[in-house]
Amino acid sequence: MIEIKNVSKNFEKVKALDNLSLTVGEGTVFGLVGSNGAGKSTLLRVINGVFKADGGEVLIDGENVFENIGIKNKCFFVSDYPYFSNNATIDNTAYLYRKIYTNWDEEYFKTLCKTFPLNTKEKIINMSKGMQRQSALILALSTRPKYLFLDEIFDGLDPVVRQLVKKLIAADVIDNGMTVMIASHNLRELEDICDHVGLLHRGGILLEKELDELKLGIHKVQIAFNGNISNDIFDGLDIVNKSRSGNLYKLTIRGEESEFIPKLEALDPAFMETLPLTLEEVFINEMEGAGYDINNIL
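A brief structural summary. Not measured: the values here are computed from a predicted model. (Residues numbered from 1 in each chain as written. Predicted model: local features only at pLDDT ≥ 70, side-chain atom pairs only at ≥ 80, totals over all residues. Heavy atoms only, no water.)

1. Overview of the sheet that holds strand β12 (residues 239-245)
In spatial order, the strands read β12-β13-β11-β14; together these 4 strands make up an open sheet with antiparallel pairing. Whereas interior strands pair on both sides, the edge strands pair on one side only; in this sheet they are β12 and β14 (271-275). The sheet shows a mean angle of 15° between the axes of neighbouring strands, direction not considered. Two elements, strand β11 (residues 218-224) and β14, share 5 bridges in a ladder whose sense is antiparallel. Across the sheet, K220 pairs through a bridge with L275, a residue of β14. (Pairing = 2+ DSSP bridges. Helix = DSSP H or I, 4+ residues; strand = E, 2+ residues; numbered from the N terminus. Axes fitted to C-alpha atoms, helices over the stretch in contact; angles between N-to-C directions.)

And the structure:
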């Protein structure tokens, strides 16, 4: 378990993290989303002990992570710009990691090297941005971390490799109980892999919920009528957003389908369908409902 308790971090006059508290349970994939500069990368660095918090504390499995070799042996952090020395290759970096990480899995390393189309003897700094991230992932997953932290990991990956990465992460979570935190400003990339999501803004958590809980209870409906209808036809429904194009209405409704569908059917529509909301649409509605200007957040 990861416990972040009232953590603050400042860089001169910039408050990157502001009294932030968050708990991430074991065996979950937690998506940390927010605009550029929201504090996502700083938070991951504090969790991993790269930065020392100015206030508060971070506990992993009940222990403070900063300068704790035992805890760091369970963790692996892939930053938004993975660092490799000028002469680093996948092979010689793997040689180093075998000596450092006690859970290094050689067979899995060989499997991953065959899975990703990379030359393990080529200097990583000469590779493309996407290939550098693939190299970092091969090495990260081969350490068999209990906690994996990824910062903008999908940036630079082509669609096929993105799906492969998601599949590998999901398999490790299911088979080995790995806990994953993925920071990204792209909600669509996180939607099919995360089970929990948190929205970070100005160094604090605005919203943190289980993904299914977020999507449950809010729905998008398209409904059309023959002829003109009165403006108050939807009174009694919890309408979050409403737009109209001719006789076609697009509604975002809060509540259970079993409650509002019969009410809409009673209006005798010519056409009606319920559509799934994207994670981005859910967040926008939640934030606007909480009184935040979404244009200044995402």
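Next comes the rest of the write-up.
2. With respect to the pattern of salt bridges
Enumeration according to the criterion identifies 14 salt bridges in this entry. Measuring nitrogen to oxygen at the nearest pair gives 2.7 Å for the salt bridge that ties D155 to K129. Within this pair, whereas D155 is found in the loop between β7 (147-151) and α6 (159-176), its partner K129 is found in helix α5 (residues 129-142), the two being separated by 26 residues in sequence. Of the residues examined, D155 reaches a relative accessible area of 36% and is grouped as partly exposed. (Salt bridge = Lys/Arg side-chain N within 4 Å of Asp/Glu carboxyl O. Buried < 20%, exposed > 50% of the residue type's maximum accessible area, 1.4 Å probe, protein only.)

3. Here we look at unusual backbone geometry
Of note, N6 is a non-glycine position whose phi angle comes to about 50°, a positive value. Along the polypeptide, N6 turns up in strand β1 (residues 2-11). With a phi angle near 50°, E152 is a residue other than glycine that sits in the positive phi range. Considering the arrangement of structural elements, one finds E152 in the loop between β7 and α6.

4. Quick notes on the nonpolar core
For soluble globular proteins, nonpolar side chains are generally found buried alongside one another. One finds I90, L150, V180, I182 and F283 to be the most contacted residues of the largest nonpolar core, which totals 52 residues. Ignoring sequence-local partners within four residues, the contact set of I182 consists of V29, F30, G31, L32, L150, I153, F154, L190 and I193. (Core = buried A, V, L, I, M, F, W, Y, C linked by side-chain atoms within 4.5 Å. Contact = heavy atoms within 4.5 Å.)

5. Comments concerning α5
An ideal rise of 1.5 Å per residue puts 20 Å on 14 residues; α5 measures up with 20 Å between its terminal C-alpha atoms. The buried fraction of α5 is high, at 12 of 14 residues. For α5, the complete set of buried residues consists of G130, Q132, R133, Q134, S135, A136, L137, I138, L139, A140, L141 and S142. Just downstream of α5 lies R144, where phi reads positive at about 50°. (Expected span 1.5 Å × (residues − 1).)

6. A word on a negative patch on the surface
On the surface, E208, E210, D212 and E213 cluster together into a patch of negative charge. Among the elements of the structure, β10 (204-210) and α8 (211-215) are those that each provide at least two residues to the negative patch. Mapping E213 onto the fold places it in helix α8. (Patch = residues over 30% accessible without salt bridge, like charges linked within 9 Å, V, L, I, M, F, W, Y side chains within 5 Å. Areas by Shrake-Rupley, 256 points an atom, 1.4 Å probe, with all protein chains shown as cover. Lys, Arg positive; Asp, Glu negative; His and termini not counted. Charge placed at Lys NZ, Arg CZ, Asp CG, Glu CD.)

7. Some details on the sheet that holds strand β9 (residues 196-201)
Pairing is mixed across the open sheet formed by 6 strands, whose spatial order is β6-β7-β8-β3-β9-β10. Looking at which strands have only one partner, the edges of the open sheet turn out to be β6 (75-78) and β10. Looking at each pair of strands side by side, their axes are set apart by 15° on average, direction ignored. Both strand β3 (residues 29-33) and strand β8 (residues 179-184) contribute to a ladder of 5 bridges, which runs parallel. In the strand pairing of β8, V33 is matched with S184. Strands β6 and β7 of the sheet are contacted by α5, whose axis makes an angle of about 175° with β6.

8. Re the packing of aromatic side chains
Applying the stated criterion to the full structure yields 8 aromatic pairs. Plain terms: the ring middles of F225 and Y249 are 6.3 Å apart, the flat faces sit at 75° to each other, and that makes the pair edge-to-face. In this pair, F225 is assigned in the loop between β11 and β12 and Y249 in strand β13 (residues 248-254), connecting sequence segments 24 residues apart. For the pair F225 and Y249, a shared accessibility class is recorded, and that class is buried. Here the aromatic cluster, defined as three or more aromatic residues joined through ring pairs, consists of F76, Y97 and Y101. The ring of Y108 has R144 sitting right over it, with the charged end atom 3.8 Å from the ring centre. If you follow K166 out to its NZ or CZ, it ends over the ring of F154, 5.3 Å from the centre. (Phe/Tyr/Trp six-rings, centres within 6.5 Å; stacked < 30°, edge-to-face > 60°. Lys NZ or Arg CZ within 6 Å of the ring centre and 35° of its normal.)

9. A closer look at helix α3 (residues 90-100)
Of the residues making up α3, those classed as buried are I90, T93, A94 and Y97. Axial view of α3: buried residues confined to an arc of 105°, hence all on one face. Exposed side chains of α3 directed beyond 90 degrees from the buried face belong to Y95 and K99. In this structure, the buried residues of α3 make contact with β6, α4 (106-115) and α5. Sitting at the head of α3, T89 places a side-chain oxygen 3.4 Å from the backbone nitrogen of D91. (Arc of directions from axis to C-beta. Polar contact = N/O pair within 3.5 Å; in protein donor to acceptor, adjacent residues only side chain to side chain.)

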